[in-house]
Amino acid sequence: MTRMAVLTLLAVLPAGGAAQRGDWPMPAKDYAATRYSDLSEITGANAGRLRPVWSFSTGVLGGHEGQPLVVEHTMYVVTPYPNVLYAFDLTREGYPLKWKYRPAVDPNATGIACCDAINRGAFYAEGKIVYNLLDGHTVAVAAATGQELWKTRIADLSQGETTPVAPLVVKHRVIVGASGGEFGIHGWLKGLDLETGRIVWTAYNVGPDSEVLAKPRIFKPFYDRGAELGLTSWPADVWKNGGAPVWGWMSYDPDLDLLYYGTGNPAPYNPEQRAGDNKWTASVLARRPEDGTLVWAYQFTPHDSWDYDAASEMILADLVVGGRPRKVLVHFDKNGFAYTMDRATGEVLVAQPFVDVNWAKRVDVATGRPVVDSTKLTGASRGNVKHVCPTLEGGKSPASPAAYSPRTGLFYLATNNMCMDYQATRATRIAGTPFIGANTPYHAGRGGYLGAFIAWDAGVGKKVWQTTEPFPVWSGAVVTAGDVAFYGTLDGWFKAADARTGKVLWRFKVGSGVVGNPITFTGADGKQYVAVYAGIGGDWFLLSGDVRSDDPADVRPPADFMPDIARHTSQGGIVWIFAL
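First, a word on scope: everything that follows refers to the structure included in this document. Here the structure is a predicted model, which is why all the values come from computation and not from measurement. (Residues numbered from 1 in each chain as written. Predicted model: local features only at pLDDT ≥ 70, side-chain atom pairs only at ≥ 80, totals over all residues. Heavy atoms only, no water.)

**Overview of the sheet that holds strand S35 (residues 493-498)**
Our working rule: Whether two strands pair depends on DSSP finding at least two bridges between them. Strands are runs of DSSP state E lasting at least 2 residues, helices are runs of H or I lasting at least 4, and numbering of each runs from the N terminus.
Spatially, the five strands line up as an open sheet ordered S1-S33-S34-S35-S36, and their pairing is mixed. Strands with a single pairing partner mark the edges of an open sheet, and in this sheet they are strand S1 (36-37) and strand S36 (504-509). Two elements, strand S33 (residues 478-480) and strand S34 (residues 484-488), share two bridges in a ladder whose sense is antiparallel. Looking at the pairing, Val478 lines up with Phe486 of S34.

**Here's the deal with the pattern of salt bridges**
Oppositely charged side chains are able to pair whenever their charged atoms sit close together. Put simply, the rule is: What counts as a salt bridge is simple: a side-chain nitrogen of Lys or Arg found within 4 Å of a carboxyl oxygen of Asp or Glu. Between buried and exposed lies partly exposed: a residue is buried under 20% and exposed over 50% of the maximum accessible area for its type, with that area taken using a 1.4 Å probe on protein chains only.
Scanning the model with the defined rule gives 24 salt bridges in all. Its salt-bridge partner being Asp277, residue Lys279 comes within 3.6 Å of it at the nearest N-O pair. In terms of burial, Lys279 and Asp277 fall into one category: buried. Of the charged contacts, one joins Lys495 and Glu469 as a salt bridge, the two residues approaching to 2.9 Å between their closest N and O atoms. Of this pair, Lys495 sits in strand S35 while Glu469 sits in strand S32 (residues 462-469), placing them 26 residues apart in sequence.

**Quick look at the nonpolar core**
Put simply, the rule reads: The definition of a nonpolar core used throughout is a set of buried Ala, Val, Leu, Ile, Met, Phe, Trp, Tyr and Cys residues joined through side-chain atoms within 4.5 Å. Contacts are residue-level and defined by heavy atoms, with any inter-residue pair within 4.5 Å sufficient.
Ranked by size, the top nonpolar core spans 52 residues in total, and within it Met75, Tyr76, Leu85, Ile129, Tyr131, Phe486 and Phe521 carry the most contacts. Take this core: its biggest share by element is six residues, from strand S38 (residues 528-534). Excluding anything up to four places from it in sequence, Leu85 contacts Tyr76, Val77, Val78, Trp99, Lys100, Tyr101, Ile129, Tyr131 and Val141. Counting residues in each nonpolar core, the second largest holds 48 residues, with Ala32, Tyr223, Val284 and Phe300 among its members.

**What to know about the environment of Pro164**
Structurally, Pro164 can be placed in the loop between strand S10 (148-153) and strand S11 (168-170). With near-sequence residues (within four places) excluded, Pro164 lies in contact with Ile118, Asn119, Arg120, Leu134 and Ser179.

**What about the pairing of S32?**
Of the pairings in the sheet, the one linking strand S31 (residues 451-457) to S32 comprises seven bridges and is antiparallel in character. Each residue of the ladder has a partner; that of Trp456, found in S32, is Lys463. Hairpin connection, S31 to S32: the antiparallel pair is bridged by four residues, and Gly461 has positive phi, about 75 degrees.

**Thoughts on the packing of aromatic side chains**
Threshold: Pairing of aromatic side chains requires ring centres within 6.5 Å, counting the rings of Phe and Tyr and the six-membered ring of Trp. Pairs whose planes differ by under 30 degrees are stacked, by over 60 edge-to-face, and all others tilted.
If you walk through the whole model with that rule in mind, you get 42 aromatic pairs. Taking 4.7 Å as the distance between ring centres and 65 degrees as the angle between the ring planes, the aromatic pair formed by Phe56 and Phe88 counts as edge-to-face. Of the two residues, Phe56 sits in strand S2 (residues 51-57) while Phe88 sits in strand S5 (residues 85-89), which places them 32 residues apart along the sequence. Phe88 gets classed as buried once you look at its relative accessible area, which sits at 1%. Here the aromatic rings of Phe354 and Trp456 are separated by 6.5 Å at their centres, their planes lie at 80 degrees, and the arrangement is edge-to-face. Taken as a pair, Phe354 in the loop between strand S22 (348-353) and strand S23 (360-364) and Trp456 in strand S31 lie far apart in primary sequence, 102 residues in all. When sorted by exposure, Phe354 lands in the same class as Trp456, which is buried. Cluster of aromatic residues (ring-pair linked, three or more members): Phe222, Tyr223, Tyr298, Phe300, Trp306, Tyr308, Phe337, Tyr339 and Trp359.

Take a look at the structure:
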């Protein structure tokens, strides 16, 4: 890839924003979702000298997913429920608090949120910090003062919709989605006006073309033909509660003017209640951000029988594939396959497993469909289907975004090495209650370890190196021009690795498991800093046992596949900053 191509793709800042080179103004650093920084002060030679320089307790126990933002020497931190927003002055000693915004959030949302009351972060644009509250509202707050500028209701708690997703702002549109695949919602994406918060458009992910915003002669999926695909691939009316939530990450190509995002699982988990491909669940969709028009879509896991959400990030890069330079989208799916796709058309160029996979034998790039092992198909009539790899936690969690370095040409990601037994049961939907229908215990995969941090060559579909971990790895990654990649672990370590070899260069115990995403930025003194949240949660709060000490009644046993995790971590809520 040429240097010009790198700069064109990575240097796009939020519309009207004042963000500078060393800032971190949006969840993934740039619209291409690379989580790459061109800062290079920290290198393989000196990373071992990293030291903590500041920490802050958010006052909230819970899963601290997402990442801070840094704009013009101010750091912005969003907590899990109750979604408090902090602004810290990085120009003054001790990084004192500039202001705190404490929104009113409906506490009923905590009982509806599927997998902990987390928040995946905010976005800076035109002097505003924009983020979602758990209870179905999007807010815009003045970055300078903490004043609430607008607040818009986007989701319906009574239907099981909650909103932990990080928004994406493209020009004057705020793009938002909702969780709730486990509650049988009718999944959607919405575009709001940045200035006023008004909902401009709503695009559903399943259902008739008129609701999906799939227009004749504009919507051209690479592998599918015909109209009403989001309707005819479902039994009558089942699509109305078919899931396809949007709870992961979004990216944007300004040259193609395409917004990319993934959709979650179909509902319910028992696939026998929803015959057909169930489009467009477990899919990537490419839309026009101005009005939501659907341009193309591709389904990673047709008729998903294993809860393989496709909500993971869609990283945009220019790679050589098959001897040709291609503008690609790279996606590491829950289903265990890594996809390298043409981001203009949705054609699959490379699809290879990045973890052990046995539910499918391969992906046929000619048809775009997985070649499924029929012995791993699930359903209530099939009883308990044993040893399906990967689990419904995914070969990689969508909550744990990968990073891409144009210097090395490699992608860096946290992975899980686990398999599951899957016993589906018939489910009945009652609005606002779980609509699942499955029991899915996990066990360690081949080799006995539960997770790894890996480097991946997406041009050919090959793992370059991996560092194994005793527990599933659930943090995001960041990679820098100093050829250092950072990630965290469930047992509370924050680590720096050599981006070319995988050698661990440094680690620090941060006090609680890391399920958030590290960032790096330039301080007011011109030095490079690295920041990360510590606070175990998400799915792992449900599985880790007694990690909460402020509730005497909380003596849950840990999941049997990792019985000792609570010996290494308790819940927390800490922001850490490190420097040389």
